[in-house]
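So the chains spell out like this:
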Amino acid sequence: MSDRTVRVLSVGSALPGPPIDTAALAARFVMDQLWQQWVDTFIGTRTRHLAVDLATGRPGQSSADLGEIAAARALAGAGLGAGDVDLVVLATATPDTLMPATVNVIADRLRIDGIPTFQLQSGCSGAVQTIDVASSLLATGRAFFEEQTMGRFRPRRRPERRCGTTRTR
């Protein structure tokens, strides 16, 4: 195991649209008061955010839109830019498309280039799995890859220490 330490420097989040309460959902789907009570009692969710407009049925924000907003907020919160990123890993149960992968759309929009990106298509435990996979790749140095250019391999990127995390040049 390497001596590299991996830390979370910042977190970003994004939610689609305004909060929708259970009563609004019940009205839209013609559900009775008993259904509303059941949702309140057994699910406990009072409001939720939907990526579709209930009145029109039109899609609002995509997974890539939300991922871009959340990633930009996380980078800003850490005081970092696109060039400081060594690896992008996305967990989602709802990718926008299979090809190109949603993670690549997000990286492209943020101008994050020349680094490994991949997505885990996972549900509830996806965030935990993603943190585990990303930290393992960074801590062991396996996130730093060789590029092939004009038939020759460039040397492995050399990690340097910055703010308790591993960063490459």
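Below: a short report on this structure. (Residues numbered from 1 in each chain as written. Predicted model: local features only at pLDDT ≥ 70, side-chain atom pairs only at ≥ 80, totals over all residues. Heavy atoms only, no water.)

**Examining the environment of Val85**
The condition is simple: Numbering of helices and strands runs from the N terminus; a helix is a DSSP stretch of H or I covering at least four residues, while a strand is a stretch of E covering at least two. Throughout, exposure labels follow a simple rule: accessible area from a 1.4 Å probe, protein chains only, divided by the maximum for the residue type, with under 20% read as buried, over 50% as exposed, and the rest as partly exposed.
By secondary structure assignment, the location of Val85 is in the loop between α3 (63-78) and β3 (88-92). Using a relative accessible area of 15% as the deciding quantity, one classes Val85 as buried. Between the alpha carbons of Val85 and Asp113 there is a distance of 8.9 Å; along the sequence they are 28 residues apart.

**Looking at the layout of surface pockets**
As a reminder of what qualifies: Using a 1 Å grid laid over the protein atoms alone, points where a 1.4 Å probe fits but cannot get out form a cavity; open sets with protein on both sides within 12 Å along at least 5 of 7 lines form a pocket; any residue with an atom within 4 Å of a point counts as lining. Grid points are joined across faces, edges and corners, and a volume is the space filled by probe spheres set on the points. Three classes are used: nonpolar for Ala, Val, Leu, Ile, Met, Phe, Trp, Tyr, Cys and Pro, charged for Asp, Glu, Lys and Arg, and polar for all others, with Gly counted as polar.
Here the largest pocket defines a volume of roughly 1700 Å³. Every residue lining the largest pocket is counted, 50 residues in all, and those nearest its centre are Ser10, Ala71, Ala74, Val89 and Thr130. Among the secondary structure elements, those contributing two or more residues to the lining of the largest pocket are α3, β3, α4 (102-109), α5 (126-140) and β8 (165-168). It is α3 that provides the largest number of residues to the lining of the largest pocket, a total of 8 residues. In this structure, the second largest pocket encloses a volume near 160 Å³. In terms of lining residues, the second largest pocket is bounded by Pro16, Gly17, Pro18, Ile20, Leu50, Ala51, Val52, Asp53, Leu54, Ala55, Gly60 and Gln61. Class assignment for the residues of the lining of the second largest pocket results in 8 nonpolar, 3 polar and 1 charged.

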